[in-house]
Amino acid sequence: MLNGNVEPAGAARQALPEVSFQPLHERIREDIINGVLSEGSWLKTHDLARRYEVSTNPIREALHQLSGEGFVIIHRNRGARVRTLDETFVRNIFDIRALIEPYLVSLFVEQATEEDLAAMEQVQVRIEERPSDQIELDRLDDAFHGIMYDRHFNQEALAIRQRHSEAVRGLARRYPVSPARRVAMIQEHRAIMEAVARHDVKATQDIVEKHARAAERNLIQRMRQAIKGSPPAWSEQLNVADGPVA
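Just so it is clear, the model here is predicted, and its values are computed rather than measured.

The rules we used
Residues numbered from 1 in each chain as written. Predicted model: local features only at pLDDT ≥ 70, side-chain atom pairs only at ≥ 80, totals over all residues. Heavy atoms only, no water. Helix = DSSP H or I, 4+ residues; strand = E, 2+ residues; numbered from the N terminus. Expected span 1.5 Å × (residues − 1). Buried < 20%, exposed > 50% of the residue type's maximum accessible area, 1.4 Å probe, protein only. Contact = heavy atoms within 4.5 Å. Axes fitted to C-alpha atoms, helices over the stretch in contact; angles between N-to-C directions. Parallel < 35°, antiparallel > 145°, perpendicular 65-115°, else oblique. Left-handed = near helix turned anticlockwise from the far one by under 90°. Nonpolar A, V, L, I, M, F, W, Y, C, P; charged D, E, K, R; others polar. Pairing = 2+ DSSP bridges. Salt bridge = Lys/Arg side-chain N within 4 Å of Asp/Glu carboxyl O. Core = buried A, V, L, I, M, F, W, Y, C linked by side-chain atoms within 4.5 Å.

Now for helix α7 (residues 134–149). Its 16 residues place the ends of α7 22 Å apart at the C-alpha level, agreeing with the 22 Å of an ideal helix rising 1.5 Å per residue. Looking only at α7, the buried set comprises Q134, L137, D138, L140, D141, F144, H145, G146, I147, M148 and Y149. Turning to α7, the residues buried within the fold contact α5 (87–111), α6 (114–128), α8 (155–174), α9 (179–197) and α10 (201–228).

The next thing to look at is the packing of α7 against α8. Contact pair α7 / α8: the axes reach a minimum separation of 10 Å and the direction vectors enclose 160°. On the basis of the axis angle, α7 is roughly antiparallel to α8. Between α7 and α8 lies a crossing of right-handed hand. Contacts from Q134, I135, D138, D142, H145 and Y149 of α7 reach α8 at L158, R161, R169, A172 and R173. For the contact of α7 with α8, a count of residues per class yields four nonpolar, two polar and five charged.

Turning our eyes to something else, we now look at the pairing of strand β2 (residues 72–75). Two elements, β2 and strand β3 (residues 79–82), share four bridges in a ladder whose sense is antiparallel. Counted as the bridge partner of V72 is V82 from β3. The hairpin turn running from β2 into β3, its antiparallel successor, is three residues long, and N77 in that turn takes a positive phi close to 65°.

Bringing the pattern of salt bridges into the picture now. Counted by the stated rule, this structure contains 24 salt bridges. The salt bridge partner of R173 is E30, with a shortest N-O separation of 2.7 Å. You can see R173 sitting in helix α8 and its partner E30 sitting in helix α2 (residues 24–33), a full 143 residues away along the chain. E166 serves as the salt-bridge partner of R169, at 3.1 Å between the closest nitrogen and oxygen. Separated by three residues within a single helix, R169 and E166 lie in helix α8, roughly one turn from each other. We classify R169 as buried; its relative accessible area is 15%. Each of the salt bridges in this network shares a partner with another, and the network as a whole consists of R29, E69, R97, E101, D142, R161, E166 and R169.

Here we have three strands laid out as an open sheet, ordered β1-β3-β2, and antiparallel in their pairing. The open sheet has two free edges, formed respectively by β1 (42–43) and β2, since each of these has just one partner strand.

Grouped together as the largest cluster of nonpolar side chains are 30 residues, with contacts concentrated most on I28, I32, L37, L43 and I59. If you list the elements that add at least two residues to this core, you get α2, α3 (45–52), α4 (56–69), β3, α5, α8 and α10. Other than its neighbours up to four places away in sequence, I28 contacts L37, Y52, I59, A62 and L66. The next biggest cluster of nonpolar side chains, apart from the first, holds 28 residues, and it includes L104, M185, I186 and I192.

This is how it looks when you write it as structure tokens:
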């Protein structure tokens, strides 16, 4: 109310500045992955609040979320630091994924319908088009696995897998998968679908675990190549030891 008159509808909205619709923790995560926030550096809430033009409370919430994903380490009474994204970090993530994912997939295999298999096929066809955009490939891969896992009753296990998937996707943007790994991933997905169609729980679990381990090997290999500063020739990439699951 202004001088007895009602303020025109929408006037306040027009005065608001433009804001980013990307969640704050994703913006900070991107800066960690891209090296803008360097590994091992201390993250001061007031500095981050100025950088991202928000108050300190959302920064604290974002840091706790990134801590759950593994990108940030919070030290009691000392603050937060950017985690070193090294081989140990990757191995720890995949050790857990290799345990959780076979557990999650078992319920799906027992109950999988023709509609589920059709949904997997639809996503897989798009994956096999081999999008050049790593982010799009990650999104499709997540959708493929989501069909198998997302209806599981164990929400805690799903939350752990989701946090680890965020970390792996972030690292994959820094270290994109090799051409050989893309070929192997397609073959592994097809093997998973065939085992699901047979309702063969044990075979599906075995393939899912090997699928995770192959992704782990490829990511670590790419990290080592980046450290050396000399990626292999394309012909060498097509002979790496991350071939299809038998």
